Amino acid sequence: MSVLVGLIVMLGMLVIVPLGLGLVHDPALDRVRRLWPLFAVPGAVSLWLPRGGAAAALALCYAAGTLLLAAHAPRRLARTRSARPAEAALLTALVTPSVAALALVAERSGHELFGFGLGILALTVPHFHFAGFAAALVAGLVCRAEDGAAGRFAALSVPLGTLLVLVGYFTGERTELAGAVVLTAGMWTVALLTWRAVRVPGPDRVTRLLLAVSAGVLAVTMVLALSWALGEATGLPHPDLTWMAATHGLGNALGFALCALLARRRLQDLTRTEGGTA
């Protein structure tokens, strides 16, 4: 499982975060996006070193980059003074990689954090790259494209669900279950709105395929997340963490996050092309 989790985290560090930042179109983020490999590459290398000082030092490099990214959230809020749901989702996306980086530094140094074992810390890293950064960013982008009640619900429920899951780490499984329910409802709404976009004339075949895969995979992987959280809270039979990493984790990384962000980039490129032609 450690190899699979490491590969998923590398995808998040090296591909998902910079690809997602490119979709924000905020000039204030351009410098961080250009410098991102300087932080992400050491972080990725740290995943494959034995736990200890060297691995922790490289993880700290990545943490520095995530803190630069998180620092843009209050600055952006002060600049925009917007409490719109899409903006709330974007601010969540800017902050969540720093939570992943904190867990990474602790896990790579071999020290438990807030009473959490090294295995849980290792799984927290991909969770806050994908259920945190990617999910919140996609929900915000979907809300911008579909600024109705459903889009606003998705953009608000994904950050709220992510926050409840984080709080549940400290308060107990039932809070984590509540977070999983809220997050699942939001992500299912994202899947529904994404599927609607597939049926709208305009996007090319590849873009429609990417949107369809991201919507379909998301609908399935969130069932797995909900079943795991329910089992943890109630004692009912549920998949173990190895199975969750191989199904929910891998599906969300490749099927949802990567496909959704690639599709959104293609849609933005198409919009710019049509605008330039007009």
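What counts, and where the lines are drawn
Residues numbered from 1 in each chain as written. Predicted model: local features only at pLDDT ≥ 70, side-chain atom pairs only at ≥ 80, totals over all residues. Heavy atoms only, no water. Helix = DSSP H or I, 4+ residues; strand = E, 2+ residues; numbered from the N terminus. Rg over C-alpha atoms; globule rule 2.2 N^0.38 Å. Buried < 20%, exposed > 50% of the residue type's maximum accessible area, 1.4 Å probe, protein only. Areas by Shrake-Rupley, 256 points an atom, 1.4 Å probe, with all protein chains shown as cover. Lys, Arg positive; Asp, Glu negative; His and termini not counted. Charge placed at Lys NZ, Arg CZ, Asp CG, Glu CD. Axes fitted to C-alpha atoms, helices over the stretch in contact; angles between N-to-C directions. Parallel < 35°, antiparallel > 145°, perpendicular 65-115°, else oblique. Left-handed = near helix turned anticlockwise from the far one by under 90°. Nonpolar A, V, L, I, M, F, W, Y, C, P; charged D, E, K, R; others polar. UniProt positions renumbered as here; feature names shortened; annotations may be inferred. Expected span 1.5 Å × (residues − 1). Bend = angle between axes of the 7 residues up to and from the residue. 1 Å grid on protein atoms, 1.4 Å probe; cavity = no way out; pocket = protein on both sides within 12 Å on 5 of 7 lines; lining within 4 Å. Points joined across faces, edges and corners; volume = space filled by probe spheres on them. Core = buried A, V, L, I, M, F, W, Y, C linked by side-chain atoms within 4.5 Å. Salt bridge = Lys/Arg side-chain N within 4 Å of Asp/Glu carboxyl O.

Labelled according to an unreviewed UniProt entry, the protein appears under the name YndJ family protein, originating from Streptomyces glycanivorans.

Asker: Even after reading the chapter, I still don't get the overall build of the protein, so can you show me in this structure?
Answerer: Across its full length, the protein holds nine helices and zero strands. Across the protein, helices and strands are ordered from the amino to the carboxyl terminus as α-α-α-α-α-α-α-α-α. Taking 278 residues into account, the globule formula puts the C-alpha radius of gyration at 19 Å, and the protein, at 18 Å, falls close to it. Expressed as lengths along the three principal axes of its C-alpha atoms, the size of the protein is roughly 55 × 45 × 35 Å. When the 278 residues of the protein are sorted by exposure, 51% land in the buried category. Of the roughly 12600 Å² of accessible surface on the protein, 68% is carried by carbon and sulfur atoms. Side-chain charges of the protein comprise 21 positive and 14 negative groups, with the mean position of each set lying 8 Å from the other.

Asker: What's the story with the packing of helix H4 (residues 85–109) against helix H5 (residues 118–145) in this structure? I'm lost.
Answerer: A pair of packed helices is characterised by two quantities: the angle between their axes and the separation of those axes. Packing of H4 against H5 brings their axes to within 8 Å, and their N-to-C directions diverge by 165°. Judged by the inter-axis angle, H4 sits roughly antiparallel to H5. As for the relative orientation of H4 and H5, their crossing is left-handed in sense. Broken down by class, the residue content of the contact of H4 with H5 amounts to 20 nonpolar, six polar and three charged.

Asker: Even after reading the chapter, I still don't get the UniProt feature "transmembrane region" (unreviewed entry) in the protein, so can you show me in this structure?
Answerer: With numbering matched to this structure, UniProt assigns "transmembrane region" (unreviewed entry) to residues 6–25, 55–74, 86–106, 118–141, 153–171, 177–197, 209–230 and 242–263. Each end of residues 6–25 is marked by a C-alpha atom, and these two atoms are 29 Å apart; helix forms 85% of the span and strand 0%.

Asker: I would appreciate a short explanation of H4 in the present structure.
Answerer: Compared with the 36 Å implied by 1.5 Å per residue over 25 residues, the 37 Å span of H4 between its first and last C-alpha is a close match. The largest bend along H4 measures about 25° and falls at leucine 94, with the proline proline 97 one to four residues further on. By the criterion of burial, H4 is predominantly enclosed, with 20 of the 25 residues buried. Glycine 110 sits one or two positions beyond H4 and adopts a positive phi of about 85°.

Asker: Quick question: what am I supposed to make of empty space enclosed by the protein here?
Answerer: Any empty space left between atoms is shown by rolling a water-sized probe over those atoms. Across all of its chains, the model carries one cavity of 30 Å³ or more by this definition. Forming the boundary of the largest cavity are Val24, Ala86, Leu90, Leu137, Gly140, Leu141 and Arg144. Contributions of two or more residues to the lining of the largest cavity are made by H4 and H5. Ranked by residues supplied to the lining of the largest cavity, first place goes to H5 with four residues. Residues of the lining of the largest cavity, tallied by class, amount to five nonpolar, one polar and one charged.

Asker: I tried to follow the nonpolar core on my own but got confused; where do I start?
Answerer: Most often, soluble globular proteins have nonpolar side chains that are buried together. The biggest cluster of nonpolar side chains holds 69 residues, and the ones touching the most others in it are Ile16 and Met187. In terms of residues, this core owes the most to one element, H5, which gives 15 residues. One finds Ala197, Val198, Leu210 and Leu211 within the second-largest nonpolar core, a separate group that totals seven residues.

Asker: Please explain the layout of surface pockets as it appears in this structure.
Answerer: Taken as a whole, the largest pocket holds about 790 Å³ of empty space. Contributing to the lining of the largest pocket are 36 residues, with Leu123, His127, Tyr169, Trp228 and His248 lying nearest its centre. Within the residue set of the lining of the largest pocket, elements represented by two or more residues are helix H1 (2–22), H5, helix H6 (149–171), helix H7 (173–199), helix H8 (205–234) and helix H9 (241–277). The greatest single-element share of the lining of the largest pocket, amounting to eight residues, is contributed by H5.

Asker: Could you clarify how one ought to interpret the pattern of salt bridges in this entry?
Answerer: Where charged atoms from two side chains of opposite charge come close, those side chains can pair. The tally for this structure, following the rule as stated, stands at seven salt bridges. Across the salt bridge formed by arginine 266 and aspartate 204, the nearest N and O atoms sit 2.9 Å from each other. You can see arginine 266 sitting in helix H9 and its partner aspartate 204 sitting in the loop between H7 and H8, a full 62 residues away along the chain. Judged by relative accessible area, which is 34%, arginine 266 ranks as partly exposed. A residue is classified by how much of its surface remains accessible, and aspartate 204, at 33% relative accessible area, is partly exposed.

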